[in-house]
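Residue-level listing of the chains:
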Amino acid sequence: MNTELHYTDAVAKETAPIFDLLKDQYDADYWETIAPYISEINRLKKEKNAVVLAHNYMTPDIFHGVADIVGDSLALAREAAKTDADIIIQCGVHFMAETSKMLCMDKKVIIPDMDAGCSLAESITAEDVKLLREKHPGVPIVTYVNTSAEVKAESDYCCTSGNAVQIVNALDSDTVLMIPDQYLAQYTQGHTDKKILTWQGSCEVHERFTADDIIQFRERYEGVQVIAHPECPPEVLAEADFAGSTQQMIDFVENEKPARVVLVTECSMSDNIAAAHPEMELVRPCQMCPHMKKITLPKILEALQTEKPEVIIDPELAERAVIPVNKMLELS
Ligand code: 13P
Ligand code: SF4
């Protein structure tokens, strides 16, 4: 632990409401080791006019303890575009921080671990997109936001899992290239009359779920509602009751209030919902995103203290990459 941080009476009092929410996730001894980080991060955020944007896959100590805004990729991009903070601490993976940066180039965007990547973002390069355009002239390219700035710069529109169908259906073309997630593309194909072409990328976390997993949940947990992320393979989505972005999954749970539910997605989603809804039974199939889990409270504190590592994008690249992102924000 950072030597200046101690679990004082003041820290205990200040963080008591958060511990009350998280007491089923963390025991009291462990809480004493993390509460000083929560307290110091929250103090430093105010001092530096910084905002913590946290993805729904952050662990409960981050999600409920230090985040100012939580949400899916779309919500975080929208918040980045309108924040009046001087510093954005992006608790999520690199493409999210890059998206925030291109939306507000005048602000400092910091990611607590620069190595927090994404298998989808790594599955395609700008050169690949150029070749696809040559192969399919005139076909609009809709690129998942889980990609690098270089890939976005070669694309016509961006989309997230929350608006992919809406973006594709808004286009004036019978054929659309959706890259790089083959499963999001197949999910979209099921909700549009257009012909969808795709790429062989996939999420290393969601591709691990199988239809058999879902069949077994239903056998073992009577009446369980199954909700899944569209990055899952189509045979998994076919067995689910609902598919949507991480925020749409949370909204579904909060609106429908199922007594028993399974979230077919990354582990921390269930932990965060369980903390907010102790009355709900969450069946927890755990598939962890190793990239998201690189973000921790000590790294967030260090990032705030040092204002590093900063996400830098070449201004000319950012100018091109932000065009499809803005088109997406306008259309959704
Ligand atoms: P959402 O936009 O649905 O939050 O998804 C981002 C992601 O990386 C899911 O794996
Ligand atoms: Fe990327 Fe999958 Fe991790 Fe989301 S869960 S950040 S898509 S590797």
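For the structure, see preceding data.
Everything quoted here is computed from the prediction, not taken from an experiment. (Residues numbered from 1 in each chain as written. Chains lettered and ligands numbered in written order. Predicted model: local features only at pLDDT ≥ 70, side-chain atom pairs only at ≥ 80, totals over all residues. Heavy atoms only, no water.)

Thoughts on the overall build of the protein
Then, in step 1: A tally of regular secondary structure across the protein gives 15 helices and twelve strands.
Then, in step 2: Relative to the 2.2 N^0.38 estimate, which gives 20 Å for 332 residues, the radius of gyration of the protein is 20 Å and therefore close to what a compact globule would have.
Then, in step 3: Taken along the three principal axes of its C-alpha coordinates, the protein extends 65 × 55 × 25 Å.
Then, in step 4: Within the span of the protein, comprising 332 residues, buried residues form 58% of the whole.
Then, in step 5: Long-range pairs, those at least 24 residues apart, make up 62% of the contacts in the protein with a sequence separation of at least 6.
Then, in step 6: As displayed, the protein has an accessible area near 14,200 Å², and 48% of this comes from carbon and sulfur atoms. (Helix = DSSP H or I, 4+ residues; strand = E, 2+ residues; numbered from the N terminus. Rg over C-alpha atoms; globule rule 2.2 N^0.38 Å. Buried < 20%, exposed > 50% of the residue type's maximum accessible area, 1.4 Å probe, protein only. Contact = heavy atoms within 4.5 Å. Areas by Shrake-Rupley, 256 points an atom, 1.4 Å probe, with all protein chains shown as cover.)

Comments concerning the site of ligand 2
Then, in step 1: What surrounds ligand 2 is the set Tyr57, Val93, Cys118, Ser119, Leu120, Asn146, Cys203, Val205, Glu231, Cys289, His291 and Met292.
Then, in step 2: Partitioning the shell around ligand 2 into residue classes produces eight nonpolar, three polar and one charged. (Near = heavy atom within 4 Å. Nonpolar A, V, L, I, M, F, W, Y, C, P; charged D, E, K, R; others polar.)

Some details on the side chain of aspartate 72
Then, in step 1: For aspartate 72, the position within the fold is in the loop between strand 2 (69–71) and helix 4 (73–82).
Then, in step 2: Despite its burial, aspartate 72 pairs with no opposite charge, the nearest such side chain being arginine 78 at 6.4 Å.
Then, in step 3: Within the structure, aspartate 72 has its side chain in polar contact with the backbone nitrogen of alanine 75 (distance 2.9 Å). (Lys, Arg positive; Asp, Glu negative; His and termini not counted. Salt bridge = Lys/Arg side-chain N within 4 Å of Asp/Glu carboxyl O. Polar contact = N/O pair within 3.5 Å; in protein donor to acceptor, adjacent residues only side chain to side chain.)

Examining the packing of helix 1 (residues 9–22) against helix 2 (residues 28–48)
Then, in step 1: Where helix 1 meets helix 2, the closest approach of the two axes is 10 Å, and the angle between their N-to-C directions is 120°. Between helix 1 and helix 2, the interaxial angle falls into the category oblique. As helix 1 runs across helix 2, the sense of the crossing is right-handed. Between helix 1 and helix 2, the contacting residues are Val11, Glu14, Thr15, Ile18, Phe19 and Leu22 on the first element and Ala28, Trp31, Ala35, Pro36, Ile38 and Ser39 on the second. (Axes fitted to C-alpha atoms, helices over the stretch in contact; angles between N-to-C directions. Parallel < 35°, antiparallel > 145°, perpendicular 65-115°, else oblique. Left-handed = near helix turned anticlockwise from the far one by under 90°.)

Describing the sheet that holds strand 11 (residues 260–264)
Each strand in a sheet pairs with another by means of backbone hydrogen bonds, the pair being arranged parallel or else antiparallel.
Then, in step 1: Reading across the sheet, the four strands line up as 10-9-11-12 and stay open at both edges, with parallel pairing between neighbours. The sheet terminates laterally at strand 10 (242–243) and strand 12 (281–283), the two strands that pair on one side only.
Then, in step 2: Sheet topology places strand 11 next to strand 12; three bridges connect them, and they run parallel. The residue of strand 12 that forms the bridge with valine 262 is valine 283.
Then, in step 3: Running over the sheet, helix 13 (residues 267–276) touches strand 11 and strand 12 and is turned about 175° from strand 12. (Pairing = 2+ DSSP bridges.)

Topic: the site of ligand 1
Then, in step 1: With respect to spatial proximity, the complete set of residues near ligand 1 consists of His55, Tyr57, Asp72, Ser73, Asn146, Ser161, His206, His229, Glu231, Ser245 and Thr246.
Then, in step 2: Side-chain polar atom of serine 161 to an oxygen atom of ligand 1: 2.7 Å apart, as the coordinates give it.
Then, in step 3: Histidine 229 is positioned with one of its side-chain polar atoms (N or O) 2.8 Å from an oxygen atom of ligand 1.
Then, in step 4: A total of 300 Å² of accessible area belongs to ligand 1 in isolation, and the protein chains cover 96% of it.
Then, in step 5: Grouping the amino acids of the shell around ligand 1 by side-chain chemistry returns one nonpolar, eight polar and two charged.

Focus: the environment of lysine 293
Then, in step 1: Tracing the sequence through the fold places lysine 293 in the loop between strand 12 and helix 14 (297–306).
Then, in step 2: Taking the C-alpha atoms as reference points, lysine 293 and valine 165, separated by 128 residues in sequence, lie 29 Å from one another.
Then, in step 3: Leave out the neighbours within four places in its chain, and lysine 293 touches Tyr57, Thr59, Glu266, Ser268 and Met288.
Then, in step 4: Only 2.9 Å separates the side chain of lysine 293 from the backbone oxygen of tyrosine 57, close enough to count as a polar contact.

Section: the sheet that holds strand 3 (residues 87–91)
Then, in step 1: The four strands lie next to each other as 2-1-3-4, forming an open sheet whose pairing is parallel. Strands at the two margins of the open sheet, each flanked by one partner only, are strand 2 and strand 4 (108–110). This sheet shows a mean twist of 20° between the axes of neighbouring strands, independent of strand direction.
Then, in step 2: Relative to strand 4, strand 3 runs parallel, the two being bridged by three bridges. Paired with isoleucine 89 across the strands is isoleucine 110, a residue of strand 4.

Interpretation note: all reported values are geometric properties and have no functional meaning in isolation.
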